[in-house]
Amino acid sequence: MLLNLRDISVSYPSRRGPVLALDKLSLTIEPSSFVSVLGPSGCGKSTLVRLVSGLQKPTAGSIEFDGVPASGARDDVGVAFQQAALLPWKTALENVLLPIRLTGQRAEPALERARSLLDLVGLSGFHDRYPHELSGGMQQRVSLARSLIRGPSVLVMDEPFSALDAMTRENMMVELQRIWLDARPSVLFITHSIQEAVFLSDRVVVMSGRPGKIIADVPVDLPRPRD
Ligand code: ADP
Ligand code: ADP
């Protein structure tokens, strides 16, 4: 799915007047491409994530999916945040199923899909564990499975690995690359890590702040296991 952000501005009210968080930002994400966004704190990365995931509307400008103006949250956009944010009283499997239960789809096929996603992220044998029984990396993998449960054509990830230790992060990067090669969603990947960006992406977008804008947009052309 082609994602097109055109001349997006976002301003937040503050006591000293509006704060311009994004200033006429334009960004196109091709179908099945992996785009990383790098930039300092406060440059508007989280704002960008909320816009693409439909949690927030721009003050000005347009967001289109395949040429159709976006309106609100979408079934075909998956979101993963910095914290796994699992419900502690639900098992790994139940957590993965949360987005499905909410939309009232039939349970049986969804259950099977949730099980195979948990297997895909390396958690076969852990379907019925509660979050506190899982390591940080395993929780983040549950979160990744949950963001994939509706088979999104766009996956938005906001520093998904930043709370993890270095070893776990390396494993997760390989895991994510494998998932991406399997399902081929378009990915918008927010990170502070140049290493993650270069390892994973087709394209790296660099932002600067005050107000937030894109200052570089470069292709990454490294040999990697693509097909
Ligand atoms: P990043 O994720 O890159 O740190 P954010 O999107 O969180 O950037 O924030 C961009 C700018 O907008 C910052 O200056 C921040 O202070 C401001 N901002 C973000 N959210 C709000 C809000 N809810 N109210 C007021 N200002 C906000
Ligand atoms: P993290 O993803 O947090 O790095 P690790 O994969 O390093 O977690 O493992 C943390 C602990 O959990 C290790 O002791 C490891 O043996 C166990 N573990 C993690 N994933 C699995 C798995 N798929 N099967 C069995 N044990 C696992």
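Residues numbered from 1 in each chain as written. Chains lettered and ligands numbered in written order. Predicted model: local features only at pLDDT ≥ 70, side-chain atom pairs only at ≥ 80, totals over all residues. Heavy atoms only, no water.

- For the protein, an unreviewed UniProt entry supplies the name ABC transporter ATP-binding protein and the organism Castellaniella hirudinis.
- Database annotation for the protein, UniProt heading Sequence similarities (unreviewed entry): "Belongs to the ABC transporter superfamily." (UniProt positions renumbered as here; feature names shortened; annotations may be inferred.)

A look at the overall build of the protein
Step number 1: When helices and strands are tallied, the protein shows 6 helices and 10 strands.
Step number 2: For 227 residues, the compact-globule formula gives about 17 Å, and the C-alpha radius of gyration of the protein, at 18 Å, lands near that figure.
Step number 3: Across its three principal axes, the protein shows a C-alpha extent of roughly 50 × 40 × 35 Å.
Step number 4: Residue burial in the protein is summarised as follows: out of 227 residues, 47% are buried.
Step number 5: Of the contacts made within the protein by residues no fewer than 6 positions apart, 71% connect residues no fewer than 24 positions apart.
Step number 6: Accessible surface, the protein: about 11100 Å² in total, of which carbon and sulfur atoms supply 54%.
Step number 7: Averaging the coordinates of the 25 positive side-chain charges in the protein and doing the same for the 24 negative ones gives two points 7 Å apart. (Helix = DSSP H or I, 4+ residues; strand = E, 2+ residues; numbered from the N terminus. Rg over C-alpha atoms; globule rule 2.2 N^0.38 Å. Buried < 20%, exposed > 50% of the residue type's maximum accessible area, 1.4 Å probe, protein only. Contact = heavy atoms within 4.5 Å. Areas by Shrake-Rupley, 256 points an atom, 1.4 Å probe, with all protein chains shown as cover. Lys, Arg positive; Asp, Glu negative; His and termini not counted. Charge placed at Lys NZ, Arg CZ, Asp CG, Glu CD.)

What about the nonpolar core?
Step number 1: Residues Leu118, Val142, Leu144, Met157, Leu176 and Phe189 are the most contacted members of the largest nonpolar core, which totals 34 residues.
Step number 2: Within the residue set of this core, elements represented by two or more residues are α2 (92-103), α3 (107-120), α4 (136-148), β7 (154-158), α5 (166-183) and β8 (186-191).
Step number 3: In this structure, Val142 is in contact with Leu86, Ala92, Asn95, Val96, Leu118, Leu123 and Leu134, ignoring residues within four places of it in sequence.
Step number 4: One finds Val37, Val52, Val77 and Met207 within the second-largest nonpolar core, a separate group that totals 26 residues. (Core = buried A, V, L, I, M, F, W, Y, C linked by side-chain atoms within 4.5 Å.)

Notes on the sheet that holds strand β6 (residues 77-80)
Step number 1: Read from one edge to the other, the open sheet built from 6 strands follows the order β6-β7-β8-β3-β9-β10, with strand pairing classed as mixed. The outermost strands of the open sheet, each flanked by one partner alone, are β6 and β10 (213-219). Going across the sheet, the axis of each strand differs from the next one's by a mean of 15°, ignoring polarity.
Step number 2: Two elements, β6 and β7, share 4 bridges in a ladder whose sense is parallel. Across the sheet, Gly78 pairs through a bridge with Leu155, a residue of β7.
Step number 3: Here helix α1 (residues 45-52) sits on the sheet in contact with β3 (34-38), β6, β7, β8 and β9 (203-208), set at roughly 155° to β7.
Step number 4: Sheet strands in contact with α4 are β6 and β7, and its direction is about 165° off that of β6. (Pairing = 2+ DSSP bridges. Axes fitted to C-alpha atoms, helices over the stretch in contact; angles between N-to-C directions.)

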